[in-house]
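Examining the three-dimensional arrangement
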Amino acid sequence: MRDDLAISVSHLGKSYKIFHTDAHATTAAEAVMRKLRHPTARQSHELVQALDDVSFDVPWGEALGILGRNGSGKSTLLKLLTRVSSPTAGRIDIKGRIGSLLEIGTGFHPELTGRENVYLNGSLLGMRRAAIRKHFDEIIAFADVERFLDTQVKRYSSGMYVRLAFAVAAHLDADILAVDEVLAVGDLAFQAKCIQKMREVSTQGRCVLYVSHQLQTVSALCSSAIYLDRGHLSYTGEVEEALTRYRQSFQSGSEQALAEASRRGGTGEVRFDSVWVDDEALNPAAPKQIHFRIRGNDAASGSCYIRAEVRNDEGVLICQCDSRLVGAIWECAQGGEGTLTIRGPWFVPGLYSVDVLLFKSELLDAWTSACSFHVVTDLPYEGYADSAAYEYGAALAEFEYKVQ
Amino acid sequence: MNDQETLTILPPGRVPIPSVRGLLMGREVLYSFVRRDVTLRYRQTALGIIWVVMQPLLTALVFALVFGQVAKLPSGGIPYVIFAFAGLLAWNMFNTILTRSSPSLIQNAGLVSKIYFPRMLVPISVCGSALLDFTVSFTFLIVLMIAMGVTPGFAILLLPLWMILVLFLATGIGLFTSALSVRYRDMNYIVPFFMQFLLYASPVAYSASAVPSKYRLVYEINPLNWLLTEFRFSLLNLRAPSVWEIIASLVVPVAVFIAGAFYFERRERSFADFI
């Protein structure tokens, strides 16, 4: 391994055995019975290649963005690099200590206080108690939770929880910091602080690995990027080029989009070609625009309409927008493009996904999670309050109080 | 930063050797786990540490009533409560470690699937709170013995040795059951049932001398039988263990522990994929 490299990955592969439900023993008794009946038989299974022949190098001082659609192997790659899971082929060489932040607040115990959790989490992430003690005040100041140090974290708001968890990880003395999708929560100011912190890490000659769907943060932070396509490394190099490839994978006609379309529900007579949003991070009060393209089918007749359903990250249906209600229909033969604009209600900060359905008299196409966007905590109100002031309602209201 | 040592990650080999160095580096994690367990067990309980004493004391009283008064079993001239309590001291440590370590990996699934640390620390950390319980009830037993005029001999100096052997035996089995439970959740049912069976199959509530001689042979291959005899010998000056019992009780727990550690290590790297 060359001296200027922090990480060297060569021919890395990870496959999972997927057992067919009727063939896989999930109880010990079943496993024993099966062994007794067929002592030599192997269980039938399918090998799923989550990562295949991936090779790349990361020099010191680099912030590497890892891009790819869901299921492309990004998280698997991070898990292999952080030793959570083990590879089935290839080799990874890592110089120095790697600290990971794969999911916000792992290792936090709801019954423990903020202070206790800082120590617990810190030691799980590989910090010594002495080091935690040294950085303790900094961590607390960074997270902005001084007043709640001795409160159990189960009473924290989700924002406080996230800030404290990131603060602990950010103060790791790790040489390499692996971060997965953690910034999807927290308000804009805190996100900026996190990006700043990660940039510091990479400019100090250490190294950051960053997985995110938030493209702006990738281009703001990363100095190079890789693009994964269904387990294969399809691009290594410039951030802009990787981002372009990632965006293209959503465009019509791409191999990936076509393969996915045939698996969707509905008769398939007419289908959506692509569905996208311009901006994945939006303010609560901003209009949400969802663009789509319908691929026409010459053999089809009649007209069709669209129903878009917006769900929050718990799968709760927030609103449904049926195009018939506003008098919009499309001709099946021609197809066409369109844009749905949702102006109200104001959305509560969080992650939203959009399902789009296409109907004639029957269901033509059902595309679940066709696109997603994320509403940031940048509130359209003048006053300031902790998150309890807005996070429990289903939506944010445009309201006023008159004081008499 | 070029002086850093290089870590190489390869696919799992055939026979992985448990890394003592890795475990040593993880001692801070171990400490944190133990601290967490201890803090959580007594938070939000009104009586807190009193439960540690109450639980074996009440059990010992029930045993004294049922086995001593009703069944009139022998206890070697020792008050039955003390006789039973001494057995429970060893039994409770064994039981606590085994029943808590078996589901420990599943209970910490979030950690196991997200963060790397030597996974062995999870089942092993259970020993911390078990030792604390042991210390509290041991102190109480001493008070009880003084109050009832029972004096131990010099053999009490050997007690730490027997204690460590119980620790090895319980942790060794716990390494097996916790690793197995990642794939087979049946362990959650098997272990408690097995422990209930074992409680009555071992001389915890009664004396081994009360067992009819035709069952003796089966009885004597139970490692807990040796360890309980040794506990009562050290604490209550009862029958000294025979040489073969001492040798067996030294060899078996250590062997079980080593076998458990190897088995655990072999499974360890696949935990995150299955849990």
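1. Focus on the overall build of chain B
Along its length, chain B carries 13 helices and one strand. Shown N-terminal to C-terminal, the secondary structure of chain B runs as helices and strands in the order β-α-α-α-α-α-α-α-α-α-α-α-α-α. For chain B, the C-alpha radius of gyration of 20 Å lies close to 19 Å, the compact-globule estimate for 275 residues. Projected onto its principal axes, the C-alpha coordinates of chain B cover approximately 70 × 45 × 35 Å. The buried share of chain B, taken over its 275 residues, is 48%. For chain B, contacts bridging at least 24 residues in sequence account for 80% of all contacts bridging at least 6. Total accessible area on chain B stands at roughly 13,100 Å², and carbon and sulfur atoms take up 70% of it. Computed over 20 positive and 12 negative side-chain charges, the separation of the two mean positions in chain B equals 7 Å.

2. Comments concerning the domain arrangement of chain A
What the domain assignment reports for chain A is domain 1 (5-9 + 51-248) and domain 2 (269-375). Here the C-alpha centre of domain 2 of chain A lies 33 Å away from the C-alpha centre of domain 1 of chain A.

3. Structural notes on the environment of Ala255 of chain B
All names here are of chain B. Tracing the chain through its elements places Ala255 in helix H12 (residues 243-268). Among the residues examined, Ala255 registers a relative accessible area of 40% and is labelled partly exposed. A sequence separation of 63 residues divides Ala255 from Pro192, and the C-alpha atoms of the two residues are 23 Å apart.

4. Considering the pattern of salt bridges
All names here are of chain A. Overall, the coordinates contain 19 salt bridges over all chains when judged by the stated rule. Glu241 is paired through a salt bridge with Arg245; the nearest N and O atoms lie 3.1 Å apart. Linking Glu241 with Arg245, this pair stays in helix H8 (residues 239-248), spanning four residues, or about one helical turn. What makes Glu241 partly exposed here is its relative accessible area of 31%. For the salt bridge of Asp365 with Arg271, the shortest nitrogen-to-oxygen distance reads 2.6 Å. In this pair, Asp365 sits in strand S18 (residues 363-375) while Arg271 sits in strand S10 (residues 271-276), placing the two residues 94 residues apart along the sequence. Across this residue pair, the class does not change: Asp365 and Arg271 are buried.

5. Describing helix H4 (residues 80-101) of chain B
Because an α-helix completes one turn every 3.6 residues, residues spaced three or four positions apart along the sequence face the same direction. All names here are of chain B. With 22 residues, H4 should cover 32 Å at 1.5 Å per step; its first-to-last C-alpha distance of 31 Å lies within 8% of that length. Helix geometry: H4 is bent most strongly at Leu88, by close to 25°. The buried count for H4 comes to 19 of 22 residues, which makes it a mostly enclosed element.

6. Quick notes on unusual backbone geometry
All names here are of chain A. With an omega of 0°, the peptide bond between Gly344 and Pro345 qualifies as cis. Mapped onto the elements, Pro345 comes out in the loop between strand S16 (335-342) and strand S17 (350-359). Here the phi dihedral of His11 falls at roughly 50°; this positive angle occurs in a residue that is not glycine. Mapping His11 onto the fold places it in strand S1 (residues 5-19). We note that Asp53 has phi near 50°; this positive angle belongs to a residue other than glycine. Along the chain, Asp53 turns up in strand S2 (residues 45-59).

Conventions we followed
- Residues numbered from 1 in each chain as written.
- Chains lettered and ligands numbered in written order.
- Predicted model: local features only at pLDDT ≥ 70, side-chain atom pairs only at ≥ 80, totals over all residues.
- Heavy atoms only, no water.
- Helix = DSSP H or I, 4+ residues; strand = E, 2+ residues; numbered from the N terminus.
- Rg over C-alpha atoms; globule rule 2.2 N^0.38 Å.
- Buried < 20%, exposed > 50% of the residue type's maximum accessible area, 1.4 Å probe, protein only.
- Contact = heavy atoms within 4.5 Å.
- Areas by Shrake-Rupley, 256 points an atom, 1.4 Å probe, with all protein chains shown as cover.
- Lys, Arg positive; Asp, Glu negative; His and termini not counted.
- Charge placed at Lys NZ, Arg CZ, Asp CG, Glu CD.
- Domains from an automatic or database assignment.
- Salt bridge = Lys/Arg side-chain N within 4 Å of Asp/Glu carboxyl O.
- Expected span 1.5 Å × (residues − 1).
- Bend = angle between axes of the 7 residues up to and from the residue.

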